[in-house]
Amino acid sequence: MNGSRQHFTFAEPPDLMPVECGAGLGPITLAYETWGELSPQKDNVILVLHAFSGDSHVASHAGGDSKAQEAGWWEFMVGPGKGIDTRKYFVLCSNIIGGCMGSTGPSSVNPATGQPYGMDFPVVTIKDMVRAQKMLLDHLGISRVLAVVGGSMGGMQALQWCASYPEAVASAVLLATTARHSALAIAFNEIARQAIMTDPKWRQGRYYGGEGPELGLAVARMIGHVTYLSDEAMRRKFGRRLQGRCSFSYDFNANFQVESYLHYQGEKFVRRFDANSLLYITKAADYFDFTAVDSGTLTRMADAGVRVLVTSFSSDWLYPTYQSKELVRLLKKNSINVSFCEIQADSGHDGFLIPSKRLTGLLAGFLAARSEEERR
């Protein structure tokens, strides 16, 4: 089952998967990819959980078609001899429900109407996403994973895995994430959603088959992209340098390099992402609140022996280090084995996506130690 993108469909009507909002969803298709070989004992599984706009293509596949051979979003971390070494581990990543990269989401066909769901798609949560991932692992015959690994919203999913299925998780690696969104993070997400919903071409989410809210989606991406960077990273990369000119144009075209860069990021995002998916996924992240889990759940995590590594990045102002420390304190208070590391980096929230010997070594060492513990 190792190879490029595959699909698993479940929850065929009338056996719908219940979601937290009270609705039922089905059929559900999850797009997923795997790397490495599953051990006979099935004890070398690492589940990678992508951030909000990511997908299942974590790393390239040797010998596949041209698309499979394309570099993945975590190419420097996953592969033979890398931090998550596919010579040792069986790596699995699926696209989340609500997304638009092969898994069921608002752009999928609603079996009740034969048309895309649009805003008839139920509001899904991080817990719902994880429940669907558990269905996939059950289908693959995997009852326990060596580690769940996720950055940003992927870290939220990893936390939810620990809360929902602690007996199925030996360890968790949480990178540049938070136990719950701050008012600042919610505010940026709401601005992004409003950019889409106020675009006349959004049409209450019923734009499939015609022109969509490309301008609104591009602006939403520009807003989000600014939060992923840092002041130092932007100063170093752009400063106040002009783009393709030596003086101001004295109009409202992009004069500065940073303006041109943001326009480019918005235009590129429109070509690969669905506006409705952005609405649903950002709302799921806003609703997530690990601090609200009951004491019984935390006790189950402690009793199951889940080991957690929390890593923050010093220049991340979207999910700053103080939020990681708050999460660490919550876990320690409830007798959960947790380690913490702050990596000094000036790249902002996107630090976990940028090649780093420190981060690679940290993950490699943590996973090796957990693998040794599991074999005892």
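Just so we're clear, the structure is a prediction, and the values are computed from it rather than from any experiment.

Rules used throughout
- Within each chain, residues carry numbers counting from 1 in the order of the written sequence.
- Residues qualify for local features only when their pLDDT is at least 70, as the model is predicted, and side-chain atom pairs are given and counted only at 80 or more; totals for whole chains, interfaces and linings, by contrast, use all residues.
- Excluding hydrogens and water, the side-chain figures rest on all heavy atoms present in the structure.
- Stacked, tilted and edge-to-face pairs are distinguished by plane angle, under 30 degrees for stacked and over 60 for edge-to-face with tilted covering the rest, among Phe, Tyr and Trp rings (Trp via its six-membered ring) whose centres lie within 6.5 Å.
- Starting at the N terminus, helices and strands are each numbered in turn, a helix being any DSSP run of H or I of at least four residues and a strand any DSSP run of E of at least two.
- Each residue gets one of three labels from its accessible area relative to the maximum for its type: buried under 20%, exposed over 50%, partly exposed in between, using a 1.4 Å probe on protein chains only.
- In this context, the arc is that of the directions from the helix axis out to the C-beta atoms.
- Should any heavy atoms of two residues lie within 4.5 Å, those residues are counted as being in contact.
- Under the rule applied, a polar contact is a pair of N or O atoms within 3.5 Å (in protein, one hydrogen donor and one hydrogen acceptor; residues adjacent in sequence only if both atoms are side-chain atoms).
- What makes two strands pair is DSSP finding at least two bridges between them.
- Looking down the strands as they point away from you, a crossover is right-handed if its path from the first strand over the helix to the second goes clockwise.
- Expected helix span is computed as 1.5 Å times (number of residues minus one).
- Candidates for patches are residues over 30% relative accessible area with no salt bridge; among them, like charges are joined within 9 Å and nonpolar side chains (Val, Leu, Ile, Met, Phe, Trp, Tyr) within 5 Å.
- Surface exposure here means Shrake-Rupley accessible area, sampled with a 1.4 Å probe, where a residue is shielded only by the protein chains that are shown.
- Any Lys or Arg side-chain nitrogen located within 4 Å of an Asp or Glu carboxyl oxygen qualifies as a salt bridge.
- A positive count includes Lys and Arg, and a negative count includes Asp and Glu. His and the chain ends are not counted in either.
- Taken as the charge centre is NZ of Lys, CZ of Arg, CG of Asp or CD of Glu, depending on the residue.
- Here, axes are lines fitted to C-alpha atoms. For helices the fit covers the stretch in contact, and angles between N-to-C directions go from 0 to 180 degrees.
- In these notes the angle categories are as follows: under 35 degrees is roughly parallel, over 145 is roughly antiparallel, 65 to 115 is roughly perpendicular, and the rest is oblique.
- In this scheme the crossing of two helices becomes right-handed for a clockwise turn of the near helix relative to the far one and left-handed for an anticlockwise turn of less than a right angle.
- As a working rule, the residues Ala, Val, Leu, Ile, Met, Phe, Trp, Tyr, Cys and Pro are called nonpolar, Asp, Glu, Lys and Arg charged, and the rest polar, with Gly in that last group.

**Quick notes on the packing of aromatic side chains**
- Evaluated as defined, the whole model comprises 12 aromatic pairs.
- A centroid spacing of 5.5 Å and a plane angle of 80° characterise the contact between F121 and Y280, whose relative ring orientation is edge-to-face. Of the two residues, F121 is situated in the loop between β10 (115–116) and α2 (126–139) and Y280 in helix α8 (residues 275–287); the sequence distance between them amounts to 159 residues.
- A centroid spacing of 5.8 Å and a plane angle of 70° characterise the contact between F188 and W317, whose relative ring orientation is edge-to-face. Here F188 is found in helix α4 (residues 183–197), whereas its partner W317 is found in the loop between β13 (307–313) and α10 (321–333), with 129 residues between them in sequence.
- Residue classification places F188 among the partly exposed positions, given a relative accessible area of 22%.
- Put simply, the rings of F52, F269 and F273 pair up and form one aromatic cluster.

**Thoughts on helix α9 (residues 295–304)**
- Along α9, the residues that are buried comprise T297, L298 and M301. Around the axis of α9, the buried residues are gathered within 100° of arc, so they sit on the same side. Opposite the buried face of α9, by more than 90 degrees, sit the exposed residues S295 and D303.
- Contacts made by the buried residues of α9 are with α3 (153–164) and α10.
- With a side-chain oxygen positioned 3.0 Å from the backbone nitrogen of G296, the residue opening α9 is D294.
- Immediately beyond the C-terminal end of α9, within one or two residues, lies G305, with a positive phi of roughly 75°.

**As for the pairing of strand β14 (residues 337–343)**
- Direction of pairing for β13 relative to β14: parallel, over a ladder of seven bridges. Each bridged residue has a counterpart across the sheet, and for F313 the counterpart in β14 is I343.
- One crossover worth recording links β13 to the parallel β14 by way of α10, and it is right-handed.

**Observations concerning the environment of E326**
- Mapped onto the secondary structure, E326 falls in helix α10.
- For the pair formed by E326 and T291, sequence separation is 35 residues and the distance between their alpha carbons is 9.6 Å.

**Things to note about α4**
- Taking 1.5 Å of rise per residue, 15 residues should cover 21 Å, and α4 covers 21 Å from first to last C-alpha, within 8% of that figure.
- Those residues of α4 that fall on the buried side of the exposure criterion are A185, N189, A192, R193, A195 and I196. Buried residues of α4, seen end-on, are gathered within an arc of 155° and therefore sit on one face of the element.

**A look at a positive patch on the surface**
- Judged by side-chain charge, K237, K268, R271 and R272 come together as a positively charged surface patch.
- Relative to the helices and strands, K237 resides in helix α6 (residues 231–237).
- Judged by its relative accessible area of 46%, K237 falls in the partly exposed class.

**Structural notes on unusual backbone geometry**
- Geometrically, the link from P13 to P14 is a cis peptide bond, its omega value of 10° lying close to zero.
- With respect to the secondary-structure elements, P14 resides in the loop between β1 (3–10) and β2 (17–18).
- In this model, G26 is joined to P27 through a cis peptide bond whose omega is -5°.
- In this fold, P27 is placed in the loop between β3 (24–25) and β4 (28–35).
- Of note in this structure, A11 is not a glycine but carries a positive phi near 55°.
- Within the secondary structure, A11 sits in the loop between β1 and β2.
- A11 gets classed as buried once you look at its relative accessible area, which sits at 12%.
- Backbone geometry places Q204, a non-glycine residue, at a positive phi of 55°.
- For Q204, the position within the fold is in the loop between α4 and α5 (214–228).
- Among the residues examined, Q204 registers a relative accessible area of 48% and is labelled partly exposed.

**So, the packing of α4 against α8**
- As a packed pair, α4 and α8 sit with axes 10 Å apart at the nearest point and diverge in direction by 160°. What the angle tells us is that α4 and α8 run roughly antiparallel. Regarding α4 and α8, the two cross each other, and that crossing is left-handed. Of α8, the residues touching α4 (which contributes A185, I186, N189, A192, R193, I196 and M197) are A275, L278, L279, T282, K283 and D286.
- Per-class residue counts for the contact of α4 with α8 are eight nonpolar, two polar and three charged.

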